[in-house]
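As a plain string of letters, each chain reads:
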Amino acid sequence: MAGQFRNIVILTGAGISAESGIDTFRSGADGGPSLWEQHRVEDVATPEAFARDPDLVHRFYDMRRAAIQTKVPNPAHDALARLDAQWSGELLIVTQNVDDLHERAGARRVVHMHGEHLKALCEACGVRSDWRGALIDRPPCPVCQARALRPDVVWFGEMPYRMGEIYAALRKADLFVSIGTSGAVYPAAGFVRDARQVGAATLELNLERSEGSGWFHETRLGPASALVPAWVEEMVGL
Ligand code: APR
């Protein structure tokens, strides 16, 4: 598959981290309850929820932040890191995930469009600081000392990060690959159409067909830990 391509954009979602034991949002890899079945989106993942009940929102994200630090990358993250290291053309891994498993696997060209669990955003000074602990006790911002830190996660109704960079990469892409995402949340769900518009080939790797599956030239169904290493092997060999 590799020969005809030079510039690759890869979109990843919760499905790539499912086999590392991190809950997906809408359908669990193990058939178990998804994150949003246990919490209503509007109770924890909107600016209004945070204004209404900051303790509830902090508790939810403190738990998730602690949990991801106990998880490890799986073969799908490892394979993308290898592709990143070996691909001499342009490559951008755009992840909707707020975990750091792409980075811990060794990937470098990663953009977190929905923010990062291991950062806190200060609502007073606007600086994003590395953060591994809890926020529920309102620790001071390391930069301005204001007790105004919030999870650095993009909530529903907020603007995703680094969209200019992402669209610039999509405009140049000749291959767009979507991995482990349900295609339910925009703007990420629209990337496949943006890629099609510039003539890129489009490939979906997912456990089941996503909502925008019809836009992909090719869909391969199965667990990311099997599909992604096999695809990377096609791209850069063993
Ligand atoms: N391998 C591959 N795909 C998988 C696996 C697996 N092991 N397990 C689950 N999937 C697939 C599911 O079939 C589903 O299509 O991953 C997808 C996960 O979809 P969602 O739970 O909707 O997650 P995602 O697409 O990342 O959600 C997008 O929505 O709630 C917001 O901000 C949140 O970033 C998130 C965004």
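Anything mentioned here points back to the structure above.
Residues numbered from 1 in each chain as written. Predicted model: local features only at pLDDT ≥ 70, side-chain atom pairs only at ≥ 80, totals over all residues. Heavy atoms only, no water.

Chemist: Outline the environment of Pro73, supporting the account with residue identities and numerical values.
Modeler: Inspection of the secondary structure puts Pro73 in the loop between helix 5 (54-68) and helix 6 (75-86). Its relative accessible area of 22% is what places Pro73 among the partly exposed residues. Separated by 33 residues in the primary sequence, Pro73 and Gly106 place their C-alpha atoms 9.6 Å from one another. Not counting residues up to four positions away in its chain, the partners in contact with Pro73 are Ser20, Asp78, Leu101, Arg104 and Ala105. (Helix = DSSP H or I, 4+ residues; strand = E, 2+ residues; numbered from the N terminus. Buried < 20%, exposed > 50% of the residue type's maximum accessible area, 1.4 Å probe, protein only. Contact = heavy atoms within 4.5 Å.)

Chemist: How would you sum up the pairing of strand 4 (residues 115-122)? Please name residues and give values.
Modeler: Most of strand 4 sits out of view: eight of its eight residues are buried. One ladder, built from five bridges, connects strand 4 with strand 6 (residues 149-153); its direction is antiparallel. The partner of Glu116 across the bridge, within strand 6, is Asp152. (Pairing = 2+ DSSP bridges.)

Chemist: Give me the lowdown on the nonpolar core, citing residues and values where you can.
Modeler: Membership of the largest hydrophobic core comes to 25 residues, with the highest contact counts inside it found for Ile10, Leu80, Ile179, Val228 and Trp231. For this core, the secondary-structure elements that each account for two or more residues are strand 1 (8-12), helix 6, strand 2 (91-95), strand 7 (175-179), strand 8 (201-206) and helix 10 (224-236). At six residues, the largest contribution of residues to this core is made by helix 10. If we ignore the near neighbours within four places in the chain, the residues touching Ile179 are Ile10, Leu11, Thr12, Gly13, Ile16, Leu80, Leu205, Asn206, Ala224 and Val228. (Core = buried A, V, L, I, M, F, W, Y, C linked by side-chain atoms within 4.5 Å.)

By themselves, these figures tell us nothing about what the structure is for.
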